[in-house]
Amino acid sequence: MASLLYRLGHASFRRRWLTLAGWTLVLTLLGVGAANLSGPTSDEVSIPGTESWRAMEVLAEEFDTGLTGTSTKVVFTAPEGATMADPAQVAAVSGVVDALRSAPQVAAVDDPYTAGAVSPDGTTAYATVTYPVPATEVTAESREALRDAGDTARDAGLGVEYSGDVVAETESSEAAEVIGLVVAALVLLITFGSLRAAGLPLLTAVIGVATGLLGISIATGFTELSSNVSALATMLGLAVGIDYALFIVTRYRQELTAGRDGADAAGRAVGTAGSAVVFAGLTVVIALAALTVVGVPFLAAMGVAAAGTVTVAVVVSLSLVPALLGVAGRKVLPRSRRTVAATPADVTDAAAADAADGGWRPARTPFGQRWARGVVRYRVPVLIGSVAVAAVISVPALDLRMTLPSDGAAPPESTQRKAYDQLAGAFGAGINGPLLIVVEADAGTAAAAGEQARRLAADLPDVVLATAPTVNPAGDVATVTVVPRTGPTSAQTRELVEEIRAGRDGFSAATGGATLAVTGWSAIDVDVTKKINDALLRYLAVVVGCALLLLMVVFRSIVVPIKATAGFLLSVAAAFGALVFTFQQGNLAGLLGIESPGPIVSFAPIFLVGILFGLAMDYEVFLVTRIREEFVHGGTPDGAIVSGMAHSVRVVTAAALIMAAVFAGFVLADDIVIASVGFALAFGIVVDAFLVRMTIGPAVMSLLGRSVWWLPGWLDRLLPDVDVEGARLARRLATAAPEPASRLLTTTDA
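Reading guide: rules and limits
Residues numbered from 1 in each chain as written. Predicted model: local features only at pLDDT ≥ 70, side-chain atom pairs only at ≥ 80, totals over all residues. Heavy atoms only, no water. Helix = DSSP H or I, 4+ residues; strand = E, 2+ residues; numbered from the N terminus. Contact = heavy atoms within 4.5 Å. Expected span 1.5 Å × (residues − 1). Buried < 20%, exposed > 50% of the residue type's maximum accessible area, 1.4 Å probe, protein only. Core = buried A, V, L, I, M, F, W, Y, C linked by side-chain atoms within 4.5 Å. Pairing = 2+ DSSP bridges. Axes fitted to C-alpha atoms, helices over the stretch in contact; angles between N-to-C directions. Parallel < 35°, antiparallel > 145°, perpendicular 65-115°, else oblique. Left-handed = near helix turned anticlockwise from the far one by under 90°. pLDDT = per-residue confidence, 0-100. Arc of directions from axis to C-beta. Phe/Tyr/Trp six-rings, centres within 6.5 Å; stacked < 30°, edge-to-face > 60°.

1. Concerning the side chain of Asp243
Okay, so step 1: Along the chain, Asp243 turns up in helix H8 (residues 229-257).
Okay, so step 2: When near neighbours in sequence (up to four residues on either side) are disregarded, Asp243 contacts Tyr619, Ala655, Ala656, Ile658 and Met659.

2. A word on helix H21 (residues 604-632)
Okay, so step 1: For H21, built from 29 residues, the straight-helix expectation of 42 Å at 1.5 Å per residue is met to within 8% by its first-to-last C-alpha distance of 41 Å.
Okay, so step 2: Where burial is concerned, most of H21 is hidden: 27 out of the 29 residues are buried.
Okay, so step 3: Backbone geometry just after H21 places Gly634 at a positive phi near 105°.

3. Describing the nonpolar core
Okay, so step 1: Ranked by internal contacts, the top residues of the largest apolar core, which has 156 residues, are Tyr244 and Phe663.
Okay, so step 2: Top element by residues in this core is helix H10 (residues 297-328). It accounts for 19 residues.
Okay, so step 3: Ignoring sequence-local partners within four residues, the contact set of Phe663 consists of Met235, Leu236, Ala239, Leu615, Gly678, Phe679, Leu681, Ala682 and Ile685.
Okay, so step 4: Formed by 26 residues, the second largest nonpolar core is a distinct cluster that contains Ala78, Ala92, Ala149 and Val160.

4. Quick notes on the pairing of strand S9 (residues 477-484)
Okay, so step 1: Counted residue by residue, S9 has 7 buried out of 8 residues, so it is predominantly covered.
Okay, so step 2: One ladder, built from 6 bridges, connects strand S6 (residues 435-440) with S9; its direction is antiparallel. Counted as the bridge partner of Val439 is Ala478 from S9.
Okay, so step 3: Judged from the 3 bridges that link them, strand S7 (residues 463-466) and S9 form a sheet pairing that is antiparallel. Each bridged residue has a counterpart across the sheet, and for Val463 the counterpart in S9 is Pro484.
Okay, so step 4: In this structure, strand S8 (residues 470-471) lies alongside S9, joined through 2 bridges in antiparallel fashion. Following the sheet pairing, Val471 is matched in S9 by Ala478.

5. Points about the sheet that holds strand S2 (residues 108-109)
Okay, so step 1: An order of S2-S3-S1-S4 is seen for the 4 strands of this open sheet, with the pairing classed as antiparallel. Both edges of this open sheet fall to S2 and strand S4 (159-162), since each of them pairs with a single strand only.
Okay, so step 2: Sheet analysis places strand S1 (residues 70-77) next to S4, joined by 4 bridges and oriented antiparallel. Following the sheet pairing, Phe76 is matched in S4 by Val160.
Okay, so step 3: Helix H5 (residues 140-155) rests against S1, strand S3 (124-131) and S4 of the sheet, and its axis sits at about 160° to S4.

6. Some points on the packing of helix H9 (residues 262-289) against helix H18 (residues 521-555)
Okay, so step 1: Packing of H9 against H18 brings their axes to within 9 Å, and their N-to-C directions diverge by 165°. It follows that H9 is roughly antiparallel to H18 by the angle criterion. The two elements H9 and H18 meet at a crossing, and its hand is right-handed. Along the contact surface, H9 presents Phe279, Leu282, Thr283, Ile286 and Ala287, while H18 presents Tyr539, Val543, Cys546, Leu550 and Val554.

7. Here's the deal with the environment of Ile600
Okay, so step 1: Here Ile600 lies in strand S11 (residues 600-601).
Okay, so step 2: Distance from Ile600 to Val677, taken between C-alpha atoms, is 9.8 Å for residues 77 residues apart in sequence.
Okay, so step 3: Discounting residues that sit within four places of it in the chain, Ile600 has contacts with Leu400, Arg401, Met402, Thr403, Leu579, Phe583, Gln584 and Pro605.

8. Quick look at the confidence of the model for the protein chain
Okay, so step 1: Per-residue confidence for the protein chain averages 82 on the pLDDT scale, and 88% of its residues sit at or above 70.
Okay, so step 2: Element-level pLDDT for the protein chain is lowest in helix H11 (residues 350-356), with a mean of 39, against a maximum mean of 94 in helix H13 (residues 379-394).
Okay, so step 3: Scored below 50 in pLDDT, residues 340-363 makes 42 contacts in the model with residues more than four places away or belonging to other chains.
Okay, so step 4: When the criterion is pLDDT under 50, residues 737-750 qualifies, and its contacts beyond four places in sequence or with other chains add up to 27 contacts.

9. Quick word on H5
Okay, so step 1: When the terminal C-alpha atoms of H5 are compared, their 22 Å separation across 16 residues agrees well with the 22 Å that a helix rising 1.5 Å per residue should span.
Okay, so step 2: All buried positions along H5 are accounted for by Ser142, Leu146, Ala149, Gly150 and Ala153. What you see down the axis of H5 is that its buried residues fit within an arc of 90°, all on one side. For H5, the exposed residues set more than 90 degrees away from the buried face come down to Ala140, Glu141, Glu144 and Asp155.
Okay, so step 3: In this fold, the buried residues of H5 make contact with S1, helix H4 (87-101), S3 and S4.
Okay, so step 4: Positive phi shows up at Gly157, right after H5, with a value of about 105°.

10. With respect to the packing of helix H1 (residues 2-14) against H9
Okay, so step 1: With their axes 7 Å apart at the nearest point, H1 and H9 run at an angle of 135° to one another. Put simply, H1 runs oblique to H9. Helix-helix and strand crossings are classified by hand; for H1 and H9 the assignment is right-handed. Taken together, the residues of H9 that come into contact with H1 (itself represented by Ala2, Leu5, Tyr6, Gly9, His10, Phe13 and Arg14) are Gly262, Ala263, Asp264, Ala266, Gly267, Arg268, Val270, Gly271, Gly274, Ser275 and Val278.

11. A word on the packing of aromatic side chains
Okay, so step 1: With the rule as written, the count across this model stands at 7 aromatic pairs.
Okay, so step 2: Pairing Phe13 with Tyr252 gives two aromatic rings, centres 6.3 Å apart and planes at 40°, and the pair type is tilted. In this pair, Phe13 sits in helix H1 while Tyr252 sits in helix H8, placing the two residues 239 residues apart along the sequence.
Okay, so step 3: With a centroid separation of 5.7 Å and an interplanar angle of 25°, the aromatic rings of Phe631 and Trp709 are classed as stacked. Pair noted here: Phe631 is in helix H21 and Trp709 is in the loop between helix H23 (672-704) and helix H24 (713-718), with a separation of 78 residues, a long-range link.

Set out below in C-alpha cells:
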C-alpha cells in the first residue's frame, strides 16, 4: 500500500495543476447536480417492524391519514380577566379557523369549540391544523398563511403560539463552524509556525466538506434524509479533514528537513502518513456504515451519509493535499528554515524531525518524549490513576435516560416551547403526548371492540381521558385516543404504554379475537429506544469485529487491537457520563447555554458509539504505527514507546485539540441534538487522545513489553502485509538513484 500511495502523492505533486483542475471539475459537476437534483429533507422517524409503526400504517390505509403528513396546534390564551367563552374570543378564534380552512395545503382544521379543545378553566384553547405533506414540504406561502391567520387573533388581544415542526425555523450552525475553524487555525499556526502550512489543512477540509454536502444534497433527490445529516456531516468532515491533512503535511515537512526534494517528500508523506490516514478513515467509515444493522432507516441514512463525507476527506488528503503542497513548496516551513541547507537524505534523528514540526530547536527534548518517559517509569500508578479518573467521570452514565426530540426540549423563547408549556399547564402534561389505540376486528364489530379498549385504558391510574372510539367506514378498525397524566418523556408514560400493551391478550379473548396496538409519539419513542438498545450488541459486534481484524492487519499483533478496543470503552463511558451530567442532569447548563436539560435523544448514544469508535482508532493508528515503526527498526519495547511518542505526540495533540474545537463549536447550535452530539464528541476526543491513547495505552504497552507485538505464525501468514510503516517503500527508494541536493531549492519546490 505504501508504494501505491507514494506514487499517488508523487504524481499529485508533479501534476499539481492537473490535479487541481480535476477537483475543480468534480466540484462544478456536483454543484450542477445539487442545483438540479436535490430534494427536501425529512425528520420523520420510521421504524418498520415495530408495533407503533404498523399501527400508523393501518391508520394511513383505513382513515386516509397518510404516513408522511404533519400537523400543528395553534394555541390560544385569553387575556387577563377574560375566558375563551367570551364572545370576543369566540369570534377571534372562529375567524382564525375559517381562514386556515382556506389556507394553502391545509387538509383539515379542528375547531376547538366543537372538538372539546378548551381547557377546564376556560383560559386556553387549541385548534389542530393538519397538512397532508411532511413539515419540510410545507411551503413558505403556507407557513405565512398560518401565521397571518394567527396574527388576526393576536390583534384581537389573544395570545397565540404554535406547536410542531411546521413553524420551526431553519437552524443554522454557521457560527459554530466559524468558531471551530478559528480555533483550528490558531492551533495549526502554533504547531506549524507557517501561515501556508496552517491554511492548507483548513482549505482542504472545507473543500472536502463542500464535496460531501453537495453529494448529500444530490442524494436527497433519490432518498429520504434527515435535516440533521448536513450538520453531522459538516461536523465530522471538518474534524477528520483537518486532522488527516495535518498528519500528511507534518510528515512532508519532516521529509523536506531530512533533505528530500519536494516530489519525493510528498510521495513519502502520502506513502507513510497516508497509509495511516487510509486505515484510520476506514475504521470511521466501518463504524458509521455499520449503523445499517440497527434497522432504523433514518439512522442508517445518517450513518451512510456521514461515512461518505469521511471517505471524501480521505481522498482529498491523499490527492489534493500533495497537489497543494506542490504549489506551496518549501513555504510550508517556517521562514527561518526555508533557506537552510538541506541535511543528508538519510537523516533520522528524532530531534531534527521534531524541529521541522513547529520550529523547535534540535537540542530541546520534545514534550512527547518527556511525557512518554514519565508514563513508562511510573506505569503502574499512572495506569491505576488514569482508569480511576475515567471511571469517576463515567458514573453519571448509569442514570442515562433516552427519548425522541420534542417541543419540550425547544429553547424557552421559541413558539413551540411556549405552546408546549401552555398546553401542559392548561390541559395537563399528557396533552403533549397522547396515545392512540388502534383496534382491528371483524367487519361491523370494531365499535364494540373499540369501547372495550377504551374501558381497558380508562381503568388505568395514569390515564386522564380515554375518548370514545372512532370507527372507519368498513367497521373493522377503531381508534381510541388516550391522554396520560404525565408528560411524553416521563417514565410513567412509558410504563403506561407497556401496561396497555400487556392487556392485549385479555382484550383479544374478551372481543372474540380483535387485536390491539398502541401508537402515538410516546409509543413510537418506546419502540425506537427498544429497537436501538436491542441492536446495540449486534452493532458493536460488527464494528468491533471488523476493527479488530483491521488493526491486526495494521499492527501485526493480537494484543494491540484488544487494548485499543478496551480503551475505547473507557472513552465512550466517560463521554456518556459527561453528556448525562451536563445535558440530562443540567449541571453546568448555564455555562454552556443549555436552556432545556432533559433526557438524551434516543439515537444519540448509538451514533456516538460509532463516531467515537472510529475517531478513537484514528489516534491509535497514528500513535502506535509510529511506535511499531521504531520497534521493527530494532528499538527496545520501552525505547520504541518513548521514541515513537517523541515523533507523534505533538502532532496528535494538535489533531485532538483541533477535532475537539470543531466539535465543541457545535454546542452553540440551537438544535439540541447537534449541541449534545457535539459536546459528547468533543469531550470523548479529549479523554481518548490524552487519557487513553497517550497515557493508558503506553502504560499498558510498557507493562506487556515484547508480548504486545505477539502474533501466531499461522495468523501472520494468513494476514496480508500492507506495509503501513513503509519499510518496503524505504528499501525500494534506498536502492534508487538519489535526487541532486540542488533540486531542494529549485523553483519547483519554492
